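Report on the structure
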Amino acid sequence: GMSFFDASMSGHAGNNDLAGASVAGKTISPLLVGLSGILTAATPLIANALGAKEPEKVRLYLKQGILLAIVLGLLVIVPAYWWVPALFSEMNLEAEVYRIGIGYWIGAAVGFIPFYLTVPLRALIDTSKRTDISMKLYLSGLPINGLLNYVLIFGKCGLPALGGIGAGVATGITNI
């Protein structure tokens, strides 16, 4: 949903903004979604420990999930400093599209670790029979992202218009 908002709203800022946000967004999505799959192992582990009434194991699995989320986030963010510019250079993007794509990546990257942290935390909440909390939080992300996109892409509320870069910043803030 956030990728849809990013692309559709960036397109209204200009063709280069749409291209930069789209290229960056399409390189980010597989990393976020794919690697978060590793963290979903927390759900059956926590559920089993809750069912067996072993709170010490629940705490252990949650701590391990949080630590792994931080490590995964760093394993994406730190190497991306080198490989994202190289990848975008290999794509022969126009200079402005390249600049916007890199800016989008930087803006979105601030939310990678918080995004990964939601997975083990959601596992605890969901296995505690409170799936409504997770659903409300995730569904609230779409309007928050849409509003932040509007403000940051088009420069509302006294902020500068960031175009496609603003979409990445909005995505990063929303994930936080």
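Scroll up a little and you will see the structure.
Here is what the cut-offs are and how they apply
Residues numbered from 1 in each chain as written. Predicted model: local features only at pLDDT ≥ 70, side-chain atom pairs only at ≥ 80, totals over all residues. Heavy atoms only, no water. Helix = DSSP H or I, 4+ residues; strand = E, 2+ residues; numbered from the N terminus. Contact = heavy atoms within 4.5 Å. 1 Å grid on protein atoms, 1.4 Å probe; cavity = no way out; pocket = protein on both sides within 12 Å on 5 of 7 lines; lining within 4 Å. Points joined across faces, edges and corners; volume = space filled by probe spheres on them. Nonpolar A, V, L, I, M, F, W, Y, C, P; charged D, E, K, R; others polar.

Position of D17 among the secondary structure elements: in helix α2 (residues 15-39). Sequence separation of D17 and I153 is 136 residues, and the distance between their C-alpha atoms is 9.2 Å. Apart from residues no more than four positions distant in its own chain, D17 is found in contact with S10, I100, L162, G163 and G164.

Here the largest pocket defines a volume of roughly 700 Å³. Looking at the largest pocket, it is lined by 27 residues, and the ones nearest its centre are M2, F115, Y138, T174 and N175. When contributions to the lining of the largest pocket are tallied by element, the ones reaching two or more residues are α1 (2-13), α2, α5 (95-109), α6 (112-127), α7 (131-154) and α8 (164-175). Broken down by element, the residue count for the lining of the largest pocket peaks at seven residues, all from α7. Class assignment for the residues of the lining of the largest pocket results in 14 nonpolar, 11 polar and two charged. Of the volumes computed, that of the second largest pocket is approximately 200 Å³. Of all the secondary-structure elements, those providing two or more residues to the lining of the second largest pocket are α4 (55-90) and α5. Among the elements that take part in the lining of the second largest pocket, α4 stands out by supplying five residues, more than any other. The residue inventory of the lining of the second largest pocket, partitioned by class, reads nine nonpolar, no polar and no charged.

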